[in-house]
Each structure stands twice: as structure tokens, then as C-alpha cells.
Amino acid sequence: MTKAAVKIKDFSFKYPDATAALDNINLEIAHKERVALIGPNGAGKSTLLLAIGNFLKSQDPIEIDGLLSTKKNIKKIRQKLGVLFQDPNDQLFMPRLFDDVTFGPLNMGLPKEEVILRSREALRSVGLLEKKERQPHHLSAGEKRAAAIATVLAMKPEIITMDEPDSSLDPRSQNKLIELLNQMEQTLIIATCNVNFVARVCERIVLMDDGKIIAIGNRKEILGNQELMNKHGLEVPAQAILED
Ligand code: ADP
Ligand code: MG
């Protein structure tokens, strides 16, 4: 049997202030799948992405590509799993875009030629190669998001988690992002409450509320279920998008 990209079994998590953010989560994601985590604010989407990235303090281990995220395996797992933070500014901190993109692969200890090759390829794939000398904080919101994605792609992870990658993008930048995501070959796990956005990117939808998984299904089953969506504070995307 092939190993799942992500396997989470009976996972619960409380923040140190005792907020129960995740309650008995069971979720398996296959390689190359594009999965959306949707749900209202506070549902636990970001916390679940943090759990998958193994960033939560004293969390239980989860399985990434057959490897349990114990201390021993964490370095290997970090190479398999890339994380796109909610705020691109958290990922762009160098004075020059190219240096932001080379930062990750350099840290992985790769040879310099390989780092340059990968970084150019990553920037090209997000359409920013010509802007590699620019100061990241001078880029537009859409370009910053694309740049942050390039910093992740340069590390060549098999799995990428993204927290609200659509936020603060105008419609044209959102369309560009959708195009880019649809071209990507990695396993993608995307948290968002923008149903019109995920309907155009993800085939499998995980609906969360109150720290629990409420429903898992394909996009028509979940996003097209008005009663279910409304019950959890979400809207049904435009019919045309669902039929697409
Ligand atoms: P979402 O991303 O779906 O909006 P979150 O995962 O951010 O939801 O939050 C889930 C729950 O955990 C919420 O009740 C939120 O207030 C709480 N929470 C999030 N971060 C923290 C934190 N650092 N400390 C305490 N509670 C938190
Ligand atoms: Mg969130």
C-alpha cells in the first residue's frame, strides 16, 4: 500500500491557555491531492495546519509520508513539507527577493549551483524571475504572495500547506494565484474561508467547525450543500464555479 502524504489519527490539541482548538481529528491525505480546509473563523483551520507542520508546542506526533513526526524524524519531515504562512511578510525578510528564495535551500546545505538553479526555477514558475533583484517589501500584494510561494518551492517540498493564500488579493491576483496553484504538482493543503477560491483549486473539501471535522467530501458534495454550508457560517459558491 502506498503511504499517505499526511495521516492524522485521533488528534486533539489544547493551547496552553486551555482553549481546545482541535478535537479528535482524523484525516488522511493522499499524495498529489489538493485539499481545502474550510470553516468559519476560529474553526481550527490554522491550528490544524500548524499541527501538520509540527509547530505546536508538545503536540502529539502525526504521520507525514509514512514518517511519524517524532524528534528523530523532524529534520526529514521539514524537507518533505513546505509551509506558506498567512502573512507573506513573515516569509520575506531579506533586502533582495533572490536572497529570500535562496535562503531555504542554502539552509538545507545544498551546493551553491543547485541553490541558484532551484531559486531561478522557483521564481520563474511564479512569474517573478525578472524581479529577482527587487526589494520584497516593494512588491504588490499579489507579487508578495507569489514570492512567498517561490521561497517554499525552492526547497522542493512534496507537500505544501497554505494558510489563507487568497487573503488580501484583488480578483486579478487571485486568478493568477489559482492558475499557479492548479499548475503545481505538490500535495496542497489550503485553509481558507473563501469558497469561490477553493472551488476552483481543490477537489476534496474538509469542513471544520469548533475544532472538529464536520464533513469530508468532494467539492460538489460539500460546497454545493447549502444547508450544511450555512449551518457553519459559510456561503455556497456560485453555481457556475461548481459546474466548472
Ligand atoms: P481558524 O484558523 O479556523 O480561524 P484557529 O486555528 O486560528 O482557527 O483557532 C482555533 C481556536 O483556537 C480558536 O478558538 C482560537 O481562538 C484559538 N487559538 C488560536 N491560536 C491560539 C493561541 N495561540 N492561544 C490560544 N488560543 C488560540
Ligand atoms: Mg486561520
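Structure shown above.
In short, a report on the structure. (Residues numbered from 1 in each chain as written. Chains lettered and ligands numbered in written order. Predicted model: local features only at pLDDT ≥ 70, side-chain atom pairs only at ≥ 80, totals over all residues. Heavy atoms only, no water.)

**Points about the site of ligand 1**
Now for step 1: Surrounding ligand 1, one finds Y15, D17, T19, A21, P40, N41, G42, A43, G44, K45, S46 and T47.
Now for step 2: K45 is positioned with one of its side-chain polar atoms (N or O) 2.8 Å from an oxygen atom of ligand 1.
Now for step 3: In this structure, an oxygen atom belonging to ligand 1 sits 2.5 Å away from a side-chain N or O atom of T47.
Now for step 4: For ligand 1, whose accessible area on its own is 560 Å², the fraction buried by protein is 63%. (Near = heavy atom within 4 Å. Polar contact = N/O pair within 3.5 Å; in protein donor to acceptor, adjacent residues only side chain to side chain. Areas by Shrake-Rupley, 256 points an atom, 1.4 Å probe, with all protein chains shown as cover.)

**Concerning the side chain of T187**
Now for step 1: Mapped onto the elements, T187 comes out in strand 8 (residues 187-191).
Now for step 2: Among all residues touching T187, those that are not within four sequence positions of it are A5, I29, A30, H31, K32, E33, E158, I159 and I160. (Helix = DSSP H or I, 4+ residues; strand = E, 2+ residues; numbered from the N terminus. Contact = heavy atoms within 4.5 Å.)

**Details of the packing of helix 3 (residues 97-107) against helix 4 (residues 112-125)**
Now for step 1: Here helix 3 crosses helix 4 at 125°, and the two axes come no closer than 9 Å. As judged from the angle between their axes, helix 3 and helix 4 are oblique. Helix 4 is crossed by helix 3, and the crossing has right-handed handedness. Listed contacts from helix 4 to L97, F98, V101, T102, P105 and L106 of helix 3 are V115, I116, S119, R120, A122 and L123.
Now for step 2: Classifying every residue of the contact of helix 3 with helix 4 gives nine nonpolar, two polar and one charged. (Axes fitted to C-alpha atoms, helices over the stretch in contact; angles between N-to-C directions. Parallel < 35°, antiparallel > 145°, perpendicular 65-115°, else oblique. Left-handed = near helix turned anticlockwise from the far one by under 90°. Nonpolar A, V, L, I, M, F, W, Y, C, P; charged D, E, K, R; others polar.)

**Quick word on the nonpolar core**
Now for step 1: Core analysis: the largest hydrophobic core is formed by 47 residues, its most contacted members being I38, I149, M162, L181, M184 and L223.
Now for step 2: By residue number, the principal contributor to this core is helix 5 (residues 141-153), which donates seven residues.
Now for step 3: Setting aside anything within four residues of it in sequence, one finds M184 in contact with R34, I149, L153, I160 and M162.
Now for step 4: Counting 28 residues, the second-largest nonpolar core is a separate cluster that includes L27, I62, I64 and V83. (Core = buried A, V, L, I, M, F, W, Y, C linked by side-chain atoms within 4.5 Å. Buried < 20%, exposed > 50% of the residue type's maximum accessible area, 1.4 Å probe, protein only.)

**What about helix 4?**
Now for step 1: With 14 residues, helix 4 extends 20 Å from end C-alpha to end C-alpha; this agrees with the ideal 20 Å at 1.5 Å per step.
Now for step 2: Among all positions in helix 4, only V115, R118, S119, A122 and L123 are buried. For helix 4, the angular spread of buried residues about the axis comes to 130°, placing them on one side. Turned more than 90 degrees off the buried face of helix 4, the exposed positions are E113, L117 and R124.
Now for step 3: Buried residues along helix 4 sit against helix 3 and helix 5.
Now for step 4: The positive-phi residue at the C-terminal boundary of helix 4 is G127, with phi of around 80°. (Expected span 1.5 Å × (residues − 1). Arc of directions from axis to C-beta.)

**Side note on the pairing of strand 1 (residues 6-14)**
Now for step 1: The sheet contact formed by strand 1 and strand 2 (residues 20-29) spans six bridges and is antiparallel. Looking at the pairing, K7 lines up with E28 of strand 2.
Now for step 2: Between strand 1 and strand 2, which pair antiparallel and follow one another directly, the connecting turn spans five residues, one of which, A18, has a positive phi of 80°. (Pairing = 2+ DSSP bridges.)

**Some remarks on unusual backbone geometry**
Now for step 1: Positive phi, close to 45°, is recorded for S58, a residue that is not glycine.
Now for step 2: In this structure, S58 sits in the loop between helix 1 (45-52) and strand 4 (63-64).
Now for step 3: Even without a glycine there, the phi angle at E164 is positive, about 45°.
Now for step 4: If you trace the backbone, E164 turns up in the loop between strand 7 (159-163) and helix 6 (171-183).
Now for step 5: Using a relative accessible area of 14% as the deciding quantity, one classes E164 as buried.

**Thoughts on the sheet that holds strand 10 (residues 212-218)**
Now for step 1: Reading across the sheet, the six strands line up as 6-7-8-3-9-10 and stay open at both edges, with mixed pairing between neighbours. Here the strands that pair on one side only, and so sit at the sheet edges, are strand 6 (81-84) and strand 10. For this sheet the average axis-to-axis angle between neighbouring strands, irrespective of direction, equals 15°.
Now for step 2: Across four bridges, strand 3 (residues 34-38) lies against strand 9 (residues 204-209) in parallel orientation. Pairing of L37 across the sheet is with V206, part of strand 9.
Now for step 3: In the packing of helix 1 onto the sheet, contacts are made with strand 3, strand 6, strand 7, strand 8 and strand 9, and the angle to strand 7 comes to roughly 155°.

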